[in-house]
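A closer look at the structure
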Amino acid sequence: MSESSEPATSSSETTSSTEAVVDKTDDFVEPDCKRRKLNHKNEKKFELEDRLGGILCCAVCLDLPKTAVYQCTNGHLMCAGCFTHVLADARLRDELATCPSCRVEISKTSATRNLAVENAISELPSECQFCNQRFPRNSLERHEEQECDERISGCKFSRIGCPWRGPLHERSEHENECAHPHRSGADVMESLRTIDQEIADERKIYDSIFELLGFEKILFNDIQLKPYRTEEFVHRLFYESSRFSAFNNQWVVKARINNSQKDPTQSSERGLTYQLILKSKTTTPMNLSYIVLRGPVGDIKVKPTIHQFEFSEQDNESPYLPLRLPDSNECNRLLAAKVINFRLIMFLASK
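Residues numbered from 1 in each chain as written. Predicted model: local features only at pLDDT ≥ 70, side-chain atom pairs only at ≥ 80, totals over all residues. Heavy atoms only, no water.

**Observations regarding helix α4 (residues 115-123)**
Of all the positions in α4, only Val-117, Glu-118 and Ile-121 are classed as buried. Projected onto a plane normal to the axis of α4, the buried residues spread over an arc of 100 degrees and lie on a single side. Seen from the buried face of α4, the exposed residues on the opposite side, beyond 90 degrees, are Leu-115, Ala-116, Asn-119 and Glu-123. Backbone nitrogen of Ala-116 and a side-chain oxygen of the N-cap are separated by 3.3 Å at the start of α4; the cap is Asn-114. (Buried < 20%, exposed > 50% of the residue type's maximum accessible area, 1.4 Å probe, protein only. Helix = DSSP H or I, 4+ residues; strand = E, 2+ residues; numbered from the N terminus. Arc of directions from axis to C-beta. Polar contact = N/O pair within 3.5 Å; in protein donor to acceptor, adjacent residues only side chain to side chain.)

**Details of the environment of Ala-349**
Considering the arrangement of structural elements, one finds Ala-349 in the segment after β16 (340-348). Looking at Ala-349, the relative accessible area reads 23%, which means it is partly exposed. Considered as a pair, Ala-349 and Met-286 are 63 residues apart in the sequence and their alpha carbons are 7.6 Å apart. With sequence-adjacent residues up to four places away left out, Ala-349 is seen in contact with Phe-215 and Asn-287. (Contact = heavy atoms within 4.5 Å.)

**Regarding the sheet that holds strand β2 (residues 77-79)**
Read from one edge of the open sheet, three strands run β2-β1-β3, paired in antiparallel fashion. The sheet is open, and its two edges are formed by β2 and β3 (112-113), each paired on a single side. Here strand β1 (residues 69-71) runs beside β3; their pairing, made up of two bridges, is antiparallel. Bridge assignment links Gln-71 to a residue of β3, and that residue is Thr-112. Packed onto the sheet, helix α3 (residues 80-93) meets β1 and β2 and runs at close to 95 degrees relative to β2. (Pairing = 2+ DSSP bridges. Axes fitted to C-alpha atoms, helices over the stretch in contact; angles between N-to-C directions.)

**Some thoughts on the nonpolar core**
Trp-251, Val-253, Leu-276, Phe-342, Leu-344 and Met-346 are the most contacted members of the largest nonpolar core, which has 36 residues in total. The biggest single contributor to this core is β16, with five residues. Within the second largest apolar cluster, 14 residues are counted, among which are Cys-58, Phe-83, Ala-90 and Cys-99. (Core = buried A, V, L, I, M, F, W, Y, C linked by side-chain atoms within 4.5 Å.)

**Examining the packing of aromatic side chains**
For the structure on display, the rule yields five aromatic pairs. Each member of the aromatic cluster is reached from another via a ring pair, and the members are Trp-251, Phe-309 and Phe-311. A cation sits over an aromatic face here: Arg-256 above Tyr-320, 3.6 Å from the ring centre. (Phe/Tyr/Trp six-rings, centres within 6.5 Å; stacked < 30°, edge-to-face > 60°. Lys NZ or Arg CZ within 6 Å of the ring centre and 35° of its normal.)

See below:
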């Protein structure tokens, strides 16, 4: 009997000892409810930015706008680029522009800027494309262009042919070891020839303009292009100005999109080409040079280019020439407007 009672006593002592250890360990364990509460707060903190991004994003490209934000009468948001793109597509299709979310009619007069959303977006964080650190959007551009040590920079000897490009903080080390300062004059001359050619091309444009300003007959007209439709089965959009006088003759300017592409709405790349048409009958050929500029009325962003054509009774239409716009966004902006304004300067060479 004594032998059987001893193990029972030992088992009881072991059980009580184990329970004491468990109870002691539980004293240092954080309660589950408290742990979950802290994690839930952190999750909300990091999710709020993403949730706001989803709410304030553009209804077309689903990205946060970087510039102006427009809204339809029902409050759906669009970035400036997508807004003008929607208006341009409607103009090309000869339809009313509608909001991509609710299909309510939109136009430059009915849609309004949402300044509160623009200010809210500017405070949301975004990653630097070089160092991947997060900054408010209103200070990100300054950081990437002026402050970030990881931003891409070029060697100071690039003018003599050094092709190196890398992080800014590695630039000093590279320049100390760069071999280009020690190259021979013959090697450096090849790089200088390329630079000289670029300068010569730019100077040629200015020299041509100054030469044209010396002509006896110079006129300018502020042109307004209005949209029209062709009478084909598929009505294509084109622009035409009213008749204007220059050098005792009547003239018209015409323009078309993507060089009269069948359906410009299927292309993301868009551009304008234009031609000058002589409407009067002339007995003698007219050697004419002309330039399109922004002018005091319009706000078109065009790079001045000199064109020359000899007009005659048999050949009274110049070829379609590209209007040198910076990008497709500028073309969409012009298409979204009711009219396109610019200044046309004409130079007539005397016989």
